[in-house]
Amino acid sequence: MELASQTSISPPRGKQSTGFVEVIQLLQSAGKPLVGHNLLYDLVLLYEKFCEPLPNSYEAFKRSLHKMFPLLMDTKALCNALRKSLRDCNLLQDSNLGMLYTELSR
């Protein structure tokens, strides 16, 4: 799913919403990965507020989101996946963003 000017979707509320839709369109057109921590919550909110109502299924949401942002990286999910393989090294014991920063900055 593409946003605002590329579909029949119109921004929900006034000038501020239009401005944020433009930011989303810039993110889409940049072709770069979208990186966040615990990103799913932010993406659900972004989709529901600036695109269209959430689909009835998680699978439909994932398909639509993947069309918008083909490459997503969630640092919390990466940490949780890596934690299992790094268990013996005593690394990544917490997926809290501040703790991750401190631990990985050493």
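None of these values were measured; they are calculated from a predicted model.

Draft legend 1. Here's a closer look at the packing of aromatic side chains. With the rule as written, the count across this model stands at 2 aromatic pairs. Pairing tyrosine 47 with phenylalanine 61 gives two aromatic rings, centres 5.3 Å apart and planes at 80°, and the pair type is edge-to-face. In this pair, tyrosine 47 sits in helix α2 (residues 39–50) while phenylalanine 61 sits in helix α3 (residues 58–68), placing the two residues 14 residues apart along the sequence.

Draft legend 2. Molecular detail of unusual backbone geometry. With phi around 60°, asparagine 38 is a residue other than glycine that occupies positive phi space. As for its placement among the helices and strands, asparagine 38 is situated in the loop between β1 (34–36) and α2.

Draft legend 3. Local environment of the side chain of glutamine 28. Relative to the assigned elements, glutamine 28 resides in helix α1 (residues 14–30). Residue classification places glutamine 28 among the buried positions, given a relative accessible area of 15%. Here methionine 68 takes part through its backbone oxygen, which lies 3.5 Å from a polar atom of the side chain of glutamine 28.

Draft legend 4. Just the nonpolar core, in detail. Core analysis: the largest hydrophobic core is formed by 13 residues, its most contacted members being Ile24, Leu43, Leu46, Tyr47, Leu65, Met68 and Phe69. Those elements that place two or more of their residues in this core are α1, α2 and α3. Setting aside residues no more than four positions away along its own chain, phenylalanine 69 makes contact with Ile24, Leu27, Gln28, Leu34 and Leu46.

Draft legend 5. Looking closely at a nonpolar patch on the surface. A surface patch of nonpolar side chains, about 430 Å² in accessible area, is lined by Val35, Leu71, Met73, Leu78 and Leu82. Relative to the helices and strands, leucine 78 resides in helix α4 (residues 75–85). In this structure leucine 78 comes out as partly exposed when scored by relative accessible area, which is 45%.

How each quantity is defined
- Residues numbered from 1 in each chain as written.
- Predicted model: local features only at pLDDT ≥ 70, side-chain atom pairs only at ≥ 80, totals over all residues.
- Heavy atoms only, no water.
- Phe/Tyr/Trp six-rings, centres within 6.5 Å; stacked < 30°, edge-to-face > 60°.
- Helix = DSSP H or I, 4+ residues; strand = E, 2+ residues; numbered from the N terminus.
- Buried < 20%, exposed > 50% of the residue type's maximum accessible area, 1.4 Å probe, protein only.
- Polar contact = N/O pair within 3.5 Å; in protein donor to acceptor, adjacent residues only side chain to side chain.
- Core = buried A, V, L, I, M, F, W, Y, C linked by side-chain atoms within 4.5 Å.
- Contact = heavy atoms within 4.5 Å.
- Patch = residues over 30% accessible without salt bridge, like charges linked within 9 Å, V, L, I, M, F, W, Y side chains within 5 Å.
- Areas by Shrake-Rupley, 256 points an atom, 1.4 Å probe, with all protein chains shown as cover.
- Salt bridge = Lys/Arg side-chain N within 4 Å of Asp/Glu carboxyl O.

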